[in-house]
Amino acid sequence: MSRQMSMVSEPSYEWGGPWTEKKLDAFSKYVSAYLTIMAKQPHWKTIYFDGFAGCGNRKEHCNSPLYQQLFLTSEDEGVYKGAAERVLTLPNNLTFDYHYFVDLKTEHLEKLKEKLLSLQKTKKTPFQYRDGDANKWLIELSKALKAKKSLAALVLLDPFGMQINWDSIASFKNTRSDVWILIPTGVIVNRLLDKECKLKSLNKLQSFFGLNEDEIKSYFYRVKTYQTLFGETEIVRKISNPIENIAVLYAERLKTVWNYVTEKPLRLENSRGVPIFHFVFASNNQNAVKIAKQIIKTI
Ligand SMILES: C[S@@+](CC[C@H](N)C(=O)[O-])C[C@H]1O[C@@H](n2cnc3c(N)ncnc32)[C@H](O)[C@@H]1O
C-alpha cells in the first residue's frame, strides 16, 4: 500500500485515548435518549446500523503500528466496551428491534459475534452480521428505509479514515434516519489539503466531500494579489483554521441530505489539544438534533 493510500484509510495515530471514550460516551447518551423516545412510538421499527463495527476490543483491531502506540495495560483492554456492546447493554431494557453490524474484515465480525453471544440471548431478533465495504451496505440500508416507511435507523459511522463515500451518505435523503459520523478532520483531511494548493489524493477528497476539485479549492484556499517591483503577482494561501473549516464544510454537505445537523460537532483532540476528529450528528428530526447538541455541550 502506498503511503498516501494508507493515509486515507487508517491514520497511524493513537487509538483508544480519551477521545475514543468521549466519542463513545456521546454516542451512548444519544442512543439512550433516542430509544427512550422511540419506545413511546411503537409504530416505528428501529434499526441499529454500525458500519464499522470492529471486533469488540481494541487489541484485535490493530496488530498494526496503530496498536503499538496505545501502550494499554491489560486492565484497560479488559474494561474497553466498543459501540456495539454499549448499545446492547443500555439500562431500562432499552433496545432496538434490529441490529446490523458491518465490517470489511470477516475475522473482525467473527470475533464480534463471539463477544456478543451472551447479549444475543437477551434480544428478540438475531443480530445481522454483514462483511464487506460499509458503502455497499449503506446503500442497501437506505433502499430498505425508502421501501418500508415504518423503519427508522440509527446509524453509527466511525471509520477513523476517509472510507465513506459521499454517494452513500446522499442516498439517505428523505429517509427516517439519524446518523453520527466521525470525520478525520485533523488527522487526515487537513493533511491532504497541501499548503501550496496541490490537493493530495484528489479522488479521495472528491468522493469524500461529494465536491469537485474547484469547489474544494475555492473553499480551502484564497488567492491574494501582491504588488511587486515587477508588477502584480498572485499567491494562493490555505485558509486559516482549516481543521474547523473541514468540519463546517462536512456539516454543510450533510445539510443537503438531512434537515438538521450539529453545526458545531464534538471536537476530539489528541493529548496535545490538537483536533484530530470531529463527531457530527444529522437527522430530519429537530428534537433529535437539539438532544445531540446538548450532549455535545456536556461531554
Ligand atoms: C477501529 S474500528 C471501529 C471501532 C468500533 N466501532 C468500536 O466502537 O469499537 C474500525 C473498523 O472498521 C473496519 N473497516 C475499515 N474499512 C472499512 C470499510 N470500508 N467498510 C467496513 N468496515 C471497514 C476495520 O476492519 C475495523 O474493524
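Here the structure is a predicted model, which means the values were calculated and not measured.

Glancing now at the overall build of the protein. Secondary structure assignment for the protein yields 15 helices and 10 strands. The proportion of buried residues among the 299 residues of the protein is 36%. When contacts within the protein are restricted to residue pairs at least 6 apart in sequence, those whose partners lie at least 24 apart make up 73%.

Moving on, we get to the site of the ligand. By nearness alone, 17 residues border the ligand, and Phe-52, Gly-54, Gly-82, Leu-104 and Ala-134 come closest of all. Residue composition of the shell around the ligand, by class: 8 nonpolar, 5 polar and 4 charged.

Within strand β6 (residues 221–228), only 0 of the 8 residues are buried, which leaves it mostly out in the open. With 8 bridges connecting them, β6 and strand β7 (residues 231–238) associate as antiparallel partners. Bridge pairing in β7 places Thr-225 opposite Glu-234. Counting the residues that bridge the hairpin from β6 to β7 gives 2 residues.

Of all hydrophobic cores here, the largest spans 75 residues; its most connected members are Tyr-30, Leu-157, Val-280 and Ala-282. Among the elements that line this core, the one with the most residues is helix α2 (residues 18–39), at 7 residues.

In this structure, Asn-92 takes a positive phi of about 60° despite not being glycine. For Asn-92, the position within the fold is in the loop between α6 (83–88) and β2 (98–103). Although it is not a glycine, Ser-201 adopts a positive phi angle of roughly 45°. The topology assignment puts Ser-201 in the loop between α11 (185–192) and α12 (202–209).

Given 3.6 residues per turn, any residue in an α-helix points the same way as the ones three and four places further on. Here helix α9 (residues 134–147) spans 20 Å end to end across 14 residues, near enough to the 20 Å set by a 1.5 Å rise per residue. Residues Ala-134, Leu-138, Leu-141, Ser-142 and Leu-145 constitute the buried set of α9. For α9, the buried positions fall inside an angular range of 100° around the axis, keeping them on one side. Turned more than 90 degrees away from the buried face of α9, the exposed residues are Lys-143 and Ala-147.

Below, the discussion takes up the environment of Tyr-219. Secondary-structure assignment places Tyr-219 in helix α13 (residues 213–220). Sequence separation of Tyr-219 and Pro-242 is 23 residues, and the distance between their C-alpha atoms is 9.7 Å.

In this section: the packing of α11 against helix α14 (residues 242–254). One way to put it is that α11 packs onto α14 with a least axis distance of 9 Å and a crossing angle of 95°. As summarised for this structure, α11 and α14 are arranged roughly perpendicular, according to the angle between their axes. Taken together, the residues of α14 that come into contact with α11 (itself represented by Thr-185, Gly-186, Val-189 and Asn-190) are Pro-242, Ile-243, Ile-246 and Ala-247.

Cut-offs applied
- Residues numbered from 1 in each chain as written.
- Predicted model: local features only at pLDDT ≥ 70, side-chain atom pairs only at ≥ 80, totals over all residues.
- Helix = DSSP H or I, 4+ residues; strand = E, 2+ residues; numbered from the N terminus.
- Buried ≥ 20, exposed ≤ 12 C-beta atoms within 10 Å, placed from the backbone.
- Contact = placed C-beta atoms within 7 Å.
- Near = placed C-beta within 6 Å.
- Nonpolar A, V, L, I, M, F, W, Y, C, P; charged D, E, K, R; others polar.
- Pairing = 2+ DSSP bridges.
- Core = buried A, V, L, I, M, F, W, Y, C linked by C-beta atoms within 7 Å.
- Expected span 1.5 Å × (residues − 1).
- Arc of directions from axis to C-beta.
- Axes fitted to C-alpha atoms, helices over the stretch in contact; angles between N-to-C directions.
- Parallel < 35°, antiparallel > 145°, perpendicular 65-115°, else oblique.

Such coordinate-based values are descriptive only and should not be taken to indicate function.
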